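Close look at the chain arrangement
As a plain string of letters, each chain reads:
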Amino acid sequence: MSLRQALSSGRLRVSVNVKPVPAQCSLRSQSCLTRPSARRSIHLLATNTADASSTFEATQTTLPSQTTALPSVTESTDDESIPQLTEEELRFLEERRAFVMEEARNFIASDLDRIFKTGELTVSRYDPNIRFEDPLVAYDNIDGYIFYIRALKALFNIDWQLHTVDVTGPDEVTARWTMGMQLWLLPWRPYVVFTGRSFYKVNTDTGKILSHVDAWDVLKHNRFLSLEGVTYVLRTMMEVQVTPDIEVHKFSVLKKVKDYELRSYPPYLVAETAMPGGAGPASGSGFMELADFIFGNNREKVKMEMTSPVITTVPPGQVTSSAMQFVMEGRFTEVNQLPSPVDSRVLRKSEKGGVYAAVRFSGWPLDYEVVQNERALRDALLRDGYNPLPGYSLARYNEPSVPPMFRRNEVLIELHNFTWP
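A short tour of the structure in this document, coming up.

Scoring rules and cut-offs
Residues numbered from 1 in each chain as written. Predicted model: local features only at pLDDT ≥ 70, side-chain atom pairs only at ≥ 80, totals over all residues. Heavy atoms only, no water. Buried < 20%, exposed > 50% of the residue type's maximum accessible area, 1.4 Å probe, protein only. Helix = DSSP H or I, 4+ residues; strand = E, 2+ residues; numbered from the N terminus. Pairing = 2+ DSSP bridges. 1 Å grid on protein atoms, 1.4 Å probe; cavity = no way out; pocket = protein on both sides within 12 Å on 5 of 7 lines; lining within 4 Å. Points joined across faces, edges and corners; volume = space filled by probe spheres on them. Nonpolar A, V, L, I, M, F, W, Y, C, P; charged D, E, K, R; others polar. Contact = heavy atoms within 4.5 Å. Axes fitted to C-alpha atoms, helices over the stretch in contact; angles between N-to-C directions. Phe/Tyr/Trp six-rings, centres within 6.5 Å; stacked < 30°, edge-to-face > 60°.

Okay, the pairing of strand 11 (residues 261–265) next. Extensive coverage of strand 11 is indicated by the burial of 4 of its 5 residues. Pairing between strand 10 (residues 252–256) and strand 11: 4 bridges, direction antiparallel. What sits directly across from Val253, in strand 11, is Arg263.

This part is about the layout of surface pockets. Approximately 1,300 Å³ is the volume found for the largest pocket. Tyr191, Val193, Thr243, Arg360 and Arg408 are, among the 47 residues lining the largest pocket, the residues nearest its centre. Elements supplying a minimum of two residues to the lining of the largest pocket: strand 6 (156–169), strand 7 (172–183), strand 8 (191–202), helix 5 (227–237), strand 10, strand 11 and strand 16 (354–361). Here the element with the most residues in the lining of the largest pocket is strand 6; it accounts for 5 residues. Looking at side-chain class alone, the lining of the largest pocket contains 22 nonpolar, 10 polar and 15 charged residues.

Spatially, the 6 strands line up as an open sheet ordered 5-4-9-8-7-6, and their pairing is mixed. Strands at the two margins of the open sheet, each flanked by one partner only, are strand 5 (138–139) and strand 6. Here 7 bridges tie strand 8 to strand 9 (residues 209–216), and the two strands are oriented antiparallel to one another. Along strand 9, the bridge assignment pairs Val202 with Ile209. Against the sheet, helix 4 (residues 142–155) touches strand 4 (126–133), strand 5, strand 6, strand 7, strand 8 and strand 9, its axis set at about 55° to strand 4. Relative to strand 8, helix 5 is tilted by about 150°, and along the sheet it contacts strand 6, strand 7, strand 8 and strand 9.

How two aromatic rings sit relative to each other is set out by the distance from centre to centre and by the angle between their planes. Scanning the entire structure with this criterion turns up 15 aromatic pairs. Between the aromatic rings of Phe132 and Tyr145, the centroid separation amounts to 5.4 Å while the plane-to-plane angle is 40°, which identifies the pairing as tilted. Of this pair, Phe132 sits in strand 4 while Tyr145 sits in helix 4; the two residues are 13 residues apart in sequence, bridging distant segments of the chain. Since its relative accessible area comes to 3%, Phe132 is described here as buried. When its relative accessible area of 2% is taken as the criterion, Tyr145 is described as buried. Consider the rings of Phe194 and Tyr232, whose centres lie 5.9 Å apart with planes at 70°: the pair is edge-to-face. Taken together, the residues Phe194 in strand 8 and Tyr232 in helix 5 connect sequence positions 38 residues apart. Here the two residues Phe194 and Tyr232 agree in accessibility, since each one is buried.

In short, the description is geometric, and any link to function would need to be established separately.
Next up, the structure:
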């Protein structure tokens, strides 16, 4: 039986137990309703004749100060004096709770952006005994929470992207995010990417944040202290693959798990040349033709900057590459803005972007290594319920002079019918 049906049938009564209130304070007084001392618990008592002892209890916060008339209340425990809450009054309480949670959702969204821009938070909106926990650290007070945020801001260059913030429970707000962290203290400046969710518990009376718990997508075990989390961070910090200090093809990491990461690429422009038949996925055929084009061998004699990565594409059902691509500088937004090639083998193209899965590996990429990584990535995507499209690309980020252990290579597969989040 629904709450509405139970109330209308008279089989469900509502008692309001009042915590001690000053004698001079009327419970109908709006000034009293906003005091902590006027906090109430609503108890739903089932009056089913078959089981009069069945009891349902729901905790409710301080009633808001509104002009709506509230039921009269006494402190007597006699059942005859228990007042009846109407359906309208119960709906009013629910609307109050929904308002508080929506306001908390908006606040969390704005404060998260503020935190990672300035390293400061709006202290008054957090409970003094807030519980913070992620896989590596935990604190039980606002001072520890503030210290941790300031330490992150001081030690790392942070790239922060908030994807969604939603009310996900009666007193819960969940945020999904991506955070990139570069530790500038180490000579090789390692860059670590995390994606995950933050779960906030909200006091529906005051709107204050009671707890904040982070879960990282890359881990199976997120509870503090996670040895898996410690291992992941240390291993990632020790990776020395180098991303060159030139313009890099832009993308947003949507989700990072153990075996791969999911990325969203905006539309972009490329210069492309076909590769000869039989060229493997790691072949360098076509590089010189594209390099000549961007370094001034075009009708307008325009010299362009080299960008990263260099991409080779492998069409569906083939084991050899069909084309090599240079990503054009971001200052070009339309194909007709690019200079005209002199070499007829060089084409200017617009790529639509999309959502891709990527796996990274180091070394000089040999054909068999590229194929192995593509198969492993495709198997992982199918295992996790995604729809990888046929074909794939190899992205190489470094110039030939970079030693193998420092080289960054990636295999990318486009996803079909991907929804986010």
